[in-house]
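# Commentary on secondary and tertiary structure
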Amino acid sequence: MGSVRSESDEETRSWYSPHRAIVFLGVLLTIVAVTGGAIAVANSARAEALNTQITDQYLVLQPPVRQIRASVAAFQVLAAEAANHSVTATSLVPGAVAASNSVDKAYLTLQHLLALPGNAGLAPRLAGQMTAFVSARSSLGAFLAGESPDSQTAHLAAVEKSVAANLDATLATLQATVTNRLDQTANEARAASDRARVGLL
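So, how was this worked out
- Residues numbered from 1 in each chain as written.
- Predicted model: local features only at pLDDT ≥ 70, side-chain atom pairs only at ≥ 80, totals over all residues.
- Heavy atoms only, no water.
- Salt bridge = Lys/Arg side-chain N within 4 Å of Asp/Glu carboxyl O.
- Helix = DSSP H or I, 4+ residues; strand = E, 2+ residues; numbered from the N terminus.
- Buried < 20%, exposed > 50% of the residue type's maximum accessible area, 1.4 Å probe, protein only.
- Contact = heavy atoms within 4.5 Å.
- Phe/Tyr/Trp six-rings, centres within 6.5 Å; stacked < 30°, edge-to-face > 60°.
- Core = buried A, V, L, I, M, F, W, Y, C linked by side-chain atoms within 4.5 Å.
- Axes fitted to C-alpha atoms, helices over the stretch in contact; angles between N-to-C directions.
- Parallel < 35°, antiparallel > 145°, perpendicular 65-115°, else oblique.
- Left-handed = near helix turned anticlockwise from the far one by under 90°.
- Nonpolar A, V, L, I, M, F, W, Y, C, P; charged D, E, K, R; others polar.
- Polar contact = N/O pair within 3.5 Å; in protein donor to acceptor, adjacent residues only side chain to side chain.

What follows concerns the pattern of salt bridges. Considering all chains together, one arrives at two salt bridges under this definition. The residue Arg69 makes a salt bridge to Asp168 at a minimum N-O spacing of 2.8 Å. Within this pair, whereas Arg69 is found in helix H2 (residues 62–83), its partner Asp168 is found in helix H6 (residues 153–200), the two being separated by 99 residues in sequence. Among the residues examined, Asp168 registers a relative accessible area of 27% and is labelled partly exposed. For Asp104, the salt bridge goes to Arg137, with nearest N and O atoms at 3.3 Å. With a gap of 33 residues between them, Asp104 in helix H3 (residues 93–114) and Arg137 in helix H4 (residues 126–139) connect regions that are remote in the sequence.

Right under this line is the structure:
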């Protein structure tokens, strides 16, 4: 009788062994699938956050920077025409005022954007150079308004031209930095999206 029970127990254990292995494998695969799904969700969330950063932090910087550079360049053309006496200085006033207002408006927008988290160190010298440009621009205001040039006019024009060039160089550097960050962030977002896609397969 004992021998029969022993053989029966061995058969039962033998029968259960592969089933336990199958159950264990199923549990293991479930854990792997759940873990992979969680990682995929995390990567998907990271890709979405990076894409939002591209739109809300970097792309928005480009329009005001372009506008400032274009408006400063337009003002330089008018200042050069006035210095060369190619046209009557008073005829340049509307264009000079429009260019100045465009610069000031775009700079206010840019200031707000540069104050956002992560943007503070993008253009550390910009504020000082903008102040210098506005001061130099204002010094030419009377001349553009029609006052006769004097011994200081050429010097003031040269100073304004120099600070405008410095401002433009800083803005060009800012554009290059933003472009590099855009490329880097876009690559990171693409990689996270690819990992998320693989994780969901």
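Structurally, the position occupied by Thr170 is in helix H6. The contacts of Thr170, once residues within four sequence positions are left out, are Arg125, Leu126 and Gln129.

The next thing to look at is the environment of Gln62. Among the secondary structure elements, Gln62 is positioned in helix H2. On the basis of relative accessibility, which here comes to 21%, the residue Gln62 falls in the partly exposed class. With 117 residues separating them in the primary sequence, Gln62 and Thr179 have C-alpha atoms 9.0 Å apart. Among all residues touching Gln62, those that are not within four sequence positions of it are Val178, Thr179 and Leu182.

This paragraph deals with the packing of aromatic side chains. Within this structure, the stated rule accounts for one aromatic pair. Ring plane angle 80° and centroid distance 6.3 Å describe the contact between Phe75 and Phe133, whose orientation is recorded as edge-to-face. With Phe75 in helix H2 and Phe133 in helix H4, this pair connects stretches of sequence that are 58 residues apart. For the pair formed by Phe75 and Phe133, the shared burial category is buried.

In this section: the nonpolar core. Ranked by size, the top nonpolar core spans 25 residues in total, and within it Ile68, Leu110 and Leu126 carry the most contacts. Secondary structure elements with two or more residues in this core: helix H1 (2–58), H2, H3, H4 and H6. Counting residues per element, this core draws most heavily on H6, which supplies seven residues. Once residues within four sequence positions are removed from consideration, Leu126 is found in contact with Tyr107, Leu110, Leu114, Leu167, Thr170 and Leu171. In terms of nonpolar packing, the next biggest core, distinct from the first, is built from eight residues, Phe75, Leu78, Ala79 and Leu92 among them.

With that settled, the discussion passes to the packing of H3 against H4. Two numbers describe how H3 lies on H4: the axes approach to 12 Å, and their chain directions differ by 165°. What the angle tells us is that H3 and H4 run roughly antiparallel. Relative to H4, H3 is oriented so that their crossing is left-handed. Facing H3, whose interface residues are Ser100, Val103, Asp104, Tyr107, Leu110 and Leu114, H4 presents Leu126, Ala127, Met130, Phe133, Val134 and Arg137. For the contact of H3 with H4, a count of residues per class yields nine nonpolar, one polar and two charged.

Relative to the assigned elements, Gln76 resides in helix H2. Side-chain polar atoms of Gln76 contact the side chain of Glu160, separated by 3.2 Å. Once residues lying within four places of it in the same chain are set aside, the contact partners of Gln76 are Phe133, Glu160, Lys161 and Ala164.

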